[in-house]
Every structure is written in structure tokens, then in C-alpha cells.
Amino acid sequence: MSNKLLMAFALMLVIEGILPFIAPAAWRETFLRLAQMADGQIRFIGLTSMLIGVALLVVFS
């Protein structure tokens with residue numbers, strides 16, 4: 001179990017690093033827009049992301 005969790009974490013880091021590596025200016029602009037959003041908007045994005053992740057886990061496991 002811990003091996004799979006570590007592999008999932010490593011894959012997340014690889015995926016998270018793709019955009020800043022390929023297009024740092026676009027990543028910076030996106031991050032600045034995110035920083036200007038209200039807390040409720042950021043929470044909604046986080047909730048949506050978690051629900052999509054859970055749905056993908058259910059479908060593919």
C-alpha cells in the first residue's frame with residue numbers, strides 16, 4: 001500500500017511540474033490569477049478537483 005501511495009505522490013509531482021517547466025510565463029500568470037480569487041472560489045476549485053479525483057479512482061479501481 002505505501003509503495004503505491006509513494007508512486008502516486010511521485011506521479012503527482014511529475015504532472016505538477018510539467019507546466020512550469022514547459023511554459024513558466026503561463027504558469028506564473030495562472031498562479032497570479034489564482035492568488036487574486038476569493039477564498040470561496042479557491043475552495044470550489046479544490047472541491048471540484050477532489051471530486052474528479054475520487055470519481056477517477058472509483059472508475060479505474
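About the cut-offs
Residues numbered from 1 in each chain as written. Predicted model: local features only at pLDDT ≥ 70, side-chain atom pairs only at ≥ 80, totals over all residues. Heavy atoms only, no water. Patch = residues over 30% accessible without salt bridge, like charges linked within 9 Å, V, L, I, M, F, W, Y side chains within 5 Å. Areas by Shrake-Rupley, 256 points an atom, 1.4 Å probe, with all protein chains shown as cover. Salt bridge = Lys/Arg side-chain N within 4 Å of Asp/Glu carboxyl O. Helix = DSSP H or I, 4+ residues; strand = E, 2+ residues; numbered from the N terminus. Expected span 1.5 Å × (residues − 1). Buried < 20%, exposed > 50% of the residue type's maximum accessible area, 1.4 Å probe, protein only. Phe/Tyr/Trp six-rings, centres within 6.5 Å; stacked < 30°, edge-to-face > 60°.

In the annotation of an unreviewed UniProt entry, the protein chain is listed under the name DUF2065 family protein and assigned to Aromatoleum petrolei.

J.: What is the right way to look at a nonpolar patch on the surface in this model?
T.: A grouping of L19, W27, F31, L34, M37, I42, F44 and I45 is seen on the molecular surface, where their side chains present a nonpolar patch of about 730 Å² in accessible area. At the level of elements, helix 2 (24-36) and helix 3 (39-60) are the ones that each hand at least two residues to the nonpolar patch. Along the chain, F31 falls in helix 2.

J.: Help me understand helix 1 (residues 2-22) in this model?
T.: Residues lying three or four places apart along an α-helix face the same way, a consequence of the helix completing one turn every 3.6 residues. End to end, helix 1 covers 31 Å across 21 residues, agreeing with the expected 30 Å (1.5 Å per residue, within 8%). Little of helix 1 is tucked away, with 0 of its 21 residues classed as buried.

J.: I keep staring at the packing of aromatic side chains and nothing clicks. Help me out?
T.: The geometry of two aromatic rings is summed up by the distance between their centres and the angle between their planes. Across all of its chains, the model carries 1 aromatic pair by this definition. With centroids separated by 5.5 Å and ring planes inclined at 15°, the aromatic side chains of W27 and F31 adopt a geometry described as stacked. With W27 and F31 both in helix 2 and 4 residues apart, the pair spans about one turn of that helix. Relative accessible area serves as the criterion here: at 38%, W27 is assigned to the partly exposed category.

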